[in-house]
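Residue-level listing of the chains:
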Amino acid sequence: VEEYQKTMEAFRPTVPDKLKDAVYIPKQSSFSSLEGFLNAKILVEILSGIKGPITRAKFIYAAEHTSNLDVGLNKKIQFTKEHHQAQHQIYFATIKDDKFVTVENWDLFK
């Protein structure tokens with residue numbers, strides 16, 4: 001999460017003018033953009049394992065041989081021929097002092 005926050009701060013991505021909505025004001029960071037960031041890290045890792053032109057078969061092979069990939073969560077990512085799901089865990093988080101923090105004490109929400 002720290003890498004995501006630093007990247008968002010450094011590059012400050014914005015919505016292209018033709019896609020802007022006068023009513024919606026995008027946040028600097030969000031849970032959905034964090035998920036997209038993590039997915040992009042996984043995709044880049046898979047693509048970097050492909051030699052030569054990228055094909056569907058090469059992509060599948062590279063993905064199914066990706067293991068021990070650290071994307072900054074508490075569990076490393078691993079794919080196999082039988083296992084194509086990167087994570088099976090849901091991370092409950094909230095925002096505290098303008099930062100994402102993992103929810104560890106549900107009593108705070110009573």
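Residues numbered from 1 in each chain as written. Predicted model: local features only at pLDDT ≥ 70, side-chain atom pairs only at ≥ 80, totals over all residues. Heavy atoms only, no water.

**Student:** Is there a simple way to explain the pattern of salt bridges in this structure?
**Tutor:** Any two side chains of opposite charge can pair, on the condition that their charged atoms come close. Going through the model one piece at a time under the given rule, you end up with four salt bridges. The closest approach of N and O atoms between lysine 41 and glutamate 3, which form a salt bridge, is 2.4 Å. Of this pair, lysine 41 sits in helix α2 (residues 31-48) while glutamate 3 sits in helix α1 (residues 2-11); the two residues are 38 residues apart in sequence, bridging distant segments of the chain. Assessed through its relative accessible area of 24%, lysine 41 is described here as partly exposed. Look at glutamate 3 and you get partly exposed, because its relative accessible area is 43%. (Salt bridge = Lys/Arg side-chain N within 4 Å of Asp/Glu carboxyl O. Helix = DSSP H or I, 4+ residues; strand = E, 2+ residues; numbered from the N terminus. Buried < 20%, exposed > 50% of the residue type's maximum accessible area, 1.4 Å probe, protein only.)

**Student:** Whenever I open this one, the environment of valine 71 confuses me. Can you help?
**Tutor:** The residue valine 71 is located in the loop between α3 (56-64) and β1 (93-96) in this model. For valine 71, a relative accessible area of 5% corresponds to the buried category. For the pair valine 71 and glutamate 3, spaced 68 residues apart in the sequence, the C-alpha separation amounts to 9.4 Å. In contact with valine 71, not counting residues within four places along its chain, are Leu38, Lys41, Ile42 and Ile77. (Contact = heavy atoms within 4.5 Å.)

**Student:** Just checking my understanding: could you explain the side chain of threonine 66 for this structure?
**Tutor:** Take threonine 66: it is sitting in the loop between α3 and β1. For threonine 66, the side chain forms a polar contact with the main-chain oxygen of alanine 62, separated by 2.8 Å. Filtering out sequence-adjacent residues up to four positions away, threonine 66 remains in contact with Ile46, Ile77, Gln78 and Phe79. (Polar contact = N/O pair within 3.5 Å; in protein donor to acceptor, adjacent residues only side chain to side chain.)

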